[in-house]
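Summary of the model geometry
Now for the letters of each chain:
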Amino acid sequence: MTGKPGRTARGGAQTSAGDLLDLVRSGRAVTRGALQQMTGLSRATVGQRLDRLFRAGWLREGANGPVDSPLGGRPAVTLEFDGSHAVVLAADLDTRHARAALLTLTGEILAERSGALVVEDGPEVVLAGLGRWFAELLTETGHAPEAVCGIGLGVPGPVDSETGRVVQPPMMSGWDGYDIRGRLSRAFTEHTGTGTSTGTGTSTGTSPVPVLVDNDANLMAYGEQRTGYQDCRAFVLVKVSTGIGAGVVVDGAVYRGVDGGAGDLGHIRVGTEALCRCGSYGCLAAVASGGAVARRLTEAGVPAASGSDVRDLLAAGHPEAAALAREAGRRVGDVLATVVTLLNPGVLMIAGDLSGTPFLTGVRELLYQRALPRSTAHLDVLTARLGERAGLIGAGALVVEHLYAPERVEERLAALGV
């Protein structure tokens, strides 16, 4: 098999320094001998490419001691990804609330904060607020801004992953086509005093910190799948908060569709006359989202402004909130019967403000009634494990997978001069 120079190996394995790092990070080869065996490279070539990774600070000798070498001879020293050489910033926007965190490269949250940030206040205000939060997180943990290798952001709308811009978002007035990446990068610069980083603790003086933007449900699905269900080849997460959206992970990668519109369940028509925030009538979100339940509760004399208010009422055991959440779950379950038949997932996870027992019960009632038995025979229907941290962990993981992909590793090593 042929490819880029320096990337051809026995059995089609890829052999750049980035590919060797990928083999170590994935656990497929954690010794020099195993790397030789998998790639067909000579001992000297493996050593040269590993040396670049050691000099960058991305690789270290493992703490677990030597293991038997696949090539025989003396026990071999293990290799492991050094997740301490940089950190990641992540944020997750809801319509009226946001969370931000500083994470290690292996997904551990070092510090976080949350508070009111209203997306309808516009991108300038919201992204400036996130920049301020990021600076506070770095100060709290004692990390220098130059240690940040990337920023991940989840937003409640469809995102073109190529540009990082939201596309006709129903719940994000003023954000359509806005340069989120550029503004968040500038906000980071303004509040930390720097905007350049190598992720190794030293500034390049030239390149801004990379910013990745994705739909919030996509990042929640990615975070949940990677941390608890890596063996699940088809994973679906449905977030039901002020709106309704879904994230789909297939074979370990987020499925986004051709321009980021995949998973927009809330705007499937379900045959009602209710007016949706998108301007259309009959959308699922207009009758089954947290916002829709909040509106019905308010009409019944129970004040509720958003999905988060419904969540609080459900936590307090409010009977009318529970009844309406179950009814909403039935409506969503009816739509999910089609989703399950189409995608045949192994896990269907319910997340967001309404993801409690009443809503989940309603989903299961209609899903198992409407879907074919074969489609649900090996399906687990459950609630989120990571809770409100799922989007943060997914955003951090997205940044790490982007920056340490084999082809990008080569570019970054060259920029470091190693």
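Residues numbered from 1 in each chain as written. Predicted model: local features only at pLDDT ≥ 70, side-chain atom pairs only at ≥ 80, totals over all residues. Heavy atoms only, no water.

Structural notes on the overall build of the protein chain
Selection criterion: Secondary structure is summarised from DSSP: a helix means a run of H or I of at least four residues, a strand means a run of E of at least two, and numbering begins at the N terminus for each. This radius of gyration counts C-alpha atoms alone. The globule rule is 2.2 Å times how many residues there are, raised to the power 0.38. Between buried and exposed lies partly exposed: a residue is buried under 20% and exposed over 50% of the maximum accessible area for its type, with that area taken using a 1.4 Å probe on protein chains only. It only takes one pair of heavy atoms within 4.5 Å for two residues to be counted as in contact. In these tables, accessible area is a Shrake-Rupley quantity obtained with a 1.4 Å probe, and a residue counts as shielded only by the protein chains included in the view. Counting rule for charge: Lys and Arg are taken as positive, Asp and Glu as negative, and neither His nor the chain ends is counted. Taken as the charge location is NZ of Lys, CZ of Arg, CG of Asp or CD of Glu.
On a plain count of helices and strands, the protein chain comes out with 14 helices and 14 strands. Relative to the compact-globule value of 22 Å for 418 residues, the protein chain shows a C-alpha radius of gyration of 23 Å, a close match. With the principal axes as the frame, the protein chain shows a C-alpha extent of 75 × 55 × 35 Å. Looking at the 418 residues of the protein chain, the share that counts as buried comes to 52%. Nonlocal contacts in the protein chain, meaning residues at least 24 apart in sequence, comprise 62% of its contacts between residues at least 6 apart. Summed over its atoms, the accessible surface of the protein chain is roughly 18,000 Å², and 49% of this surface lies on carbon and sulfur atoms. Computed over 39 positive and 44 negative side-chain charges, the inter-centroid distance for the protein chain is 5 Å.

Some words on the sheet that holds strand E5 (residues 109–115)
Convention followed: We treat two strands as partners when DSSP finds at least two bridges between them. Here the axes come from fitting lines to C-alpha atoms, over the contacting stretch only for helices, and the angles between their N-to-C directions go from 0 to 180 degrees.
Ordered by their spatial adjacency, 5 strands build an open sheet running E5-E4-E3-E6-E9, and the pairing between neighbours is mixed. The outermost strands of the open sheet, each flanked by one partner alone, are E5 and strand E9 (211–215). In this sheet, neighbouring strand axes are inclined to one another by 15 degrees on average, regardless of whether the strands run parallel or antiparallel. Both strand E3 (residues 87–93) and strand E6 (residues 148–155) contribute to a ladder of 6 bridges, which runs parallel.

With respect to the pattern of salt bridges
The line we're drawing: Definition used for salt bridges: Asp or Glu carboxyl oxygen within 4 Å of a side-chain nitrogen of Lys or Arg.
All chains considered together, the criterion is met by 25 salt bridges. Residues Glu 190 and Arg 183 are paired through a salt bridge, measuring 3.6 Å at the closest nitrogen-oxygen approach. On the accessibility criterion, Arg 183 (7% relative accessible area) is buried.

As for unusual backbone geometry
The phi torsion at Gln 168 lies on the positive side, around 45 degrees, for a residue other than glycine. With respect to the helices, strands and loops of the structure, Gln 168 is situated in the loop between strand E8 (165–166) and helix H5 (180–192). Of the residues examined, Gln 168 reaches a relative accessible area of 64% and is grouped as exposed. The phi dihedral of Asp 251 is positive, around 50 degrees, even though this residue is not glycine. Mapped onto the elements of the fold, Asp 251 is located in the loop between strand E11 (244–250) and strand E12 (253–254). By relative accessible area, which is 54% here, Asp 251 ends up exposed.

Comments concerning H5
Let me state the cut-off plainly: Take the residue count of a helix, subtract one, and multiply by 1.5 Å to get its expected span.
End to end, H5 covers 18 Å across 13 residues, agreeing with the expected 18 Å (1.5 Å per residue, within 8%). What H5 keeps buried is the set Ile 180, Gly 182, Arg 183, Leu 184, Ser 185, Ala 187, Phe 188 and Thr 192. Where the residues of H5 are buried, they touch E3, helix H4 (123–141), E6, E8 and E9. Following H5 by one or two positions, Gly 193 adopts a phi angle in the positive range, close to 85 degrees.

What to know about the pairing of E9
Where burial is concerned, most of E9 is hidden: 5 out of the 5 residues are buried. Looking at chain direction, E6 and E9 are connected through 5 bridges and run parallel. Along E9, the bridge assignment pairs Val 155 with Asn 215.

Overview of the packing of helix H1 (residues 17–26) against helix H2 (residues 32–39)
Any two packed helices are characterised by the angle at which their axes cross and by the distance between the axes. Test applied: Each crossing is labelled by how the near helix is turned from the far one, with a counterclockwise turn of less than a right angle marking it left-handed and a clockwise turn marking it right-handed. Under the scheme applied here, ten amino acids are nonpolar (Ala, Val, Leu, Ile, Met, Phe, Trp, Tyr, Cys and Pro), four are charged (Asp, Glu, Lys and Arg), and all others, including Gly, are polar.
One can describe the packing of H1 onto H2 by two numbers: an axis separation of 11 Å at closest approach and a directional angle of 115 degrees. The way H1 lies across H2 gives a crossing that is right-handed. Across the interface between the two elements, Leu 20, Leu 23 and Val 24 of H1 pack against Leu 35, Met 38 and Thr 39 of H2. Residues belonging to the contact of H1 with H2 are distributed by class as follows: 5 nonpolar, 1 polar and no charged.

Structural notes on the side chain of Ser 241
You can see Ser 241 is positioned in the loop between strand E10 (234–240) and E11. Contacts of Ser 241, omitting those with residues within four sequence positions, involve Asp 94, Ser 289, Gly 290, Gly 291, Gly 352 and Asp 353.

Describing the packing of aromatic side chains
For clarity, the threshold we go by: For this analysis, a ring pair means two rings from Phe, Tyr or Trp (six-membered ring only for Trp) whose centres lie within 6.5 Å, classed as stacked if their planes differ by under 30 degrees, edge-to-face if by over 60, and tilted for the remaining angles.
Counted by the stated rule, this structure contains 3 aromatic pairs. Ring centres of Trp 58 and Tyr 404 lie 5.3 Å apart, and the angle between their planes is 75 degrees; on these two criteria the pair is classed as edge-to-face. Taken as a pair, Trp 58 in the loop between helix H3 (43–56) and strand E1 (59–61) and Tyr 404 in the loop between helix H13 (390–403) and helix H14 (406–416) lie far apart in primary sequence, 346 residues in all. Each member of the pair, Trp 58 as well as Tyr 404, is classed as buried. Summarising the aromatic geometry, the rings of Phe 81 and Tyr 404 are spaced 5.2 Å apart at their centres and angled 75 degrees between planes, so their arrangement reads as edge-to-face. Residue Phe 81 is found in strand E2 (residues 79–81), and its partner Tyr 404 is found in the loop between H13 and H14; the two are separated by 323 residues along the sequence. Classification of Phe 81 by relative accessible area gives buried; the value is 12%.

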